[in-house]
Amino acid sequence: MNIAIILAGGYGSRFLNESNKFPKQFYEFCRKEVIAYSLDTFNKHPQIDKIVVVSNFEYIKKTEEIIKKYNFDKVIGVVSGGVTRQASVYSAIEFLSQDVSLGNPNVLIHDAARLLVSKQVITNNIKALEESKAVTTILPCTDSMIMSNDGQTISESLDRSKIYVVQTPQSFKLDLLRSAHKFAQTLNIFDSTDDASLMKLLNEEVKLVPGNKANMKLTTEEDLIFIKAIFENLQNKEEE
């Protein structure tokens, strides 16, 4: 069984301004809410069985209205998120763990702000879980990379052939993911921004699967320019 966890619990403070009153997941992009794009892709994917959405408590009703509006029938629950991304993921884990009938499913964790995730990227994650217990989506780094200790001067040049950009989904066996979160809590780690990094605490190997540049994250209003261009290009290809 494959279950998607869609994270839509943040406020998106870097996106909010006088014209954007709601968190970015509710911004209307090309006549559809941002959160609806990734939900639609996961809901239509033939290998995704169920979906859990994590929302900020204040926007649970609004999230449920969007789910009903587009008839996302694979959604089995909308749960309240936490103060951090890690806490939000854990809320979804605990929600799923209460249903023993689910067994130990694959869970694919995805940021709602990555609205143009493709069917192929989801398929890549599911396929990789046939041989691994933990998977993360990545892109190779194409730019030169440096590290600066003071933000003013170069401290070290990094080998870009060994550097990758992390995307979502990140996918795991539910029991392993729950164990990693529980262990992190015992170490007073509560603000991890990446679930795959928690696997290092258990010395668990994480398999890398290819993502794509279209799967970029909406963080600032400026990102909309690039995302719209990608979206229109994808639409044109579908029409050809």
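What you are looking at is a predicted structure, and each value in this text was computed from that prediction instead of being measured. (Residues numbered from 1 in each chain as written. Predicted model: local features only at pLDDT ≥ 70, side-chain atom pairs only at ≥ 80, totals over all residues. Heavy atoms only, no water.)

## Description of the overall build of the protein chain
Here is step 1: The helix and strand inventory of the protein chain stands at seven helices and 11 strands.
Here is step 2: In terms of overall dimensions, the protein chain has C-alpha extents of about 50 × 40 × 40 Å along its principal axes.
Here is step 3: For the protein chain, the residues scored as buried account for 46% of the 240 residues in total.
Here is step 4: Considering only contacts in the protein chain between residues 6 or more positions apart, those separated by 24 or more positions represent 73%.
Here is step 5: A total of about 13,000 Å² of accessible surface is found on the protein chain, and carbon and sulfur atoms cover 49% of it. (Helix = DSSP H or I, 4+ residues; strand = E, 2+ residues; numbered from the N terminus. Buried < 20%, exposed > 50% of the residue type's maximum accessible area, 1.4 Å probe, protein only. Contact = heavy atoms within 4.5 Å. Areas by Shrake-Rupley, 256 points an atom, 1.4 Å probe, with all protein chains shown as cover.)

## A short note on the pairing of strand E10 (residues 164-173)
Here is step 1: Of the strand pairs in this sheet, strand E6 (residues 106-111) and E10 are connected by four bridges, and their pairing is antiparallel. In the strand pairing of E10, Val107 is matched with Phe172.
Here is step 2: Relative to E10, strand E7 (residues 134-140) is paired through seven bridges, and the arrangement is antiparallel. Directly across from Ile138, in E10, lies its bridge partner Val166. (Pairing = 2+ DSSP bridges.)

## Focus on the side chain of Asp223
Here is step 1: Note that Asp223 resides in helix H7 (residues 223-239).
Here is step 2: Buried charged residue Asp223 carries no salt bridge. Nearest counter-charge: Lys24, at 7.0 Å.
Here is step 3: Here the side chain of Asp223 touches Thr220 through a polar contact of 2.9 Å, landing on its backbone nitrogen.
Here is step 4: Excluding anything up to four places from it in sequence, Asp223 contacts Met216, Lys217 and Leu218. (Lys, Arg positive; Asp, Glu negative; His and termini not counted. Salt bridge = Lys/Arg side-chain N within 4 Å of Asp/Glu carboxyl O. Polar contact = N/O pair within 3.5 Å; in protein donor to acceptor, adjacent residues only side chain to side chain.)

## Overview of unusual backbone geometry
Here is step 1: Omega for the bond connecting Thr168 with Pro169 falls within 30 degrees of zero, at 15 degrees, which places this linkage in the cis form.
Here is step 2: By secondary structure assignment, the location of Pro169 is in strand E10.

## A few points about the sheet that holds E6
Here is step 1: Spatially, seven strands are ordered E5-E4-E1-E6-E10-E7-E11 in an open sheet, and the strand pairing comes out mixed. A strand with exactly one partner marks an edge of an open sheet, and here the two such strands are strand E5 (75-80) and strand E11 (207-210). Sheet twist, expressed as the average angle between the axes of neighbouring strands with direction ignored, equals 25 degrees.
Here is step 2: Sheet strands touched by helix H5 (residues 174-186): E6, E7 and E10. Its angle to E10, the strand with the most contacts, is close to 115 degrees. (Axes fitted to C-alpha atoms, helices over the stretch in contact; angles between N-to-C directions.)

## A word on helix H4 (residues 119-128)
Here is step 1: Those residues of H4 that sit buried are Val121, Ile122, Asn124, Asn125, Ile126 and Ala128.
Here is step 2: Buried-residue contacts for H4 involve strand E1 (2-8), helix H1 (34-44), E6, E7, E10 and E11.

## What about the packing of aromatic side chains?
The description of two aromatic rings rests on the distance between their centres and on the angle between their planes.
Here is step 1: Applying the stated criterion across every chain yields a total of five aromatic pairs.
Here is step 2: Measuring from centroid to centroid gives 5.7 Å for Tyr37 and Phe231, while their planes differ by 85 degrees, and the two rings are edge-to-face. Separated by 194 residues along the polypeptide, Tyr37 in helix H1 and Phe231 in helix H7 bring together distant segments of the chain. Judged on exposure class, the residue Tyr37 and its partner Phe231 are both buried.
Here is step 3: When the centroid spacing of 5.6 Å and the interplanar angle of 25 degrees are considered together, the rings of Tyr70 and Phe72 count as stacked.
Here is step 4: With relative accessibility at 3%, the residue Phe72 sits in the buried group.
Here is step 5: Ring pairs connect the aromatic residues Phe29, Tyr37 and Phe231, which therefore count as one cluster. (Phe/Tyr/Trp six-rings, centres within 6.5 Å; stacked < 30°, edge-to-face > 60°.)

## What to know about the confidence of the model for the protein chain
Here is step 1: Overall, the predicted model of the protein chain reaches an average pLDDT of 90, with 94% of residues at or above 70.
Here is step 2: Highest mean pLDDT in the protein chain belongs to E6 (97); lowest belongs to H7 (82). (pLDDT = per-residue confidence, 0-100.)

## Here's the deal with the environment of Ile109
Here is step 1: By secondary structure assignment, the location of Ile109 is in strand E6.
Here is step 2: The spacing of Ile109 and Ala180 is 71 residues in sequence and 14 Å in space, taken between C-alpha atoms.
Here is step 3: With near-sequence residues (within four places) excluded, Ile109 lies in contact with Ile5, Leu7, Arg85, Val89, Thr168, Pro169, Gln170, Phe172, Leu177 and Asp195.

## Overview of helix H3 (residues 85-97)
Here is step 1: In a regular helix each residue adds 1.5 Å, so 13 residues correspond to 18 Å; H3 covers 18 Å between its end C-alpha atoms and thus fits that length.
Here is step 2: Every buried residue of H3 is listed here: Gln86, Ser88, Val89, Tyr90, Ala92, Ile93 and Leu96.
Here is step 3: Buried positions along H3 lie against E1, strand E4 (50-55), E5, E6, H5 and helix H6 (195-198). (Expected span 1.5 Å × (residues − 1).)

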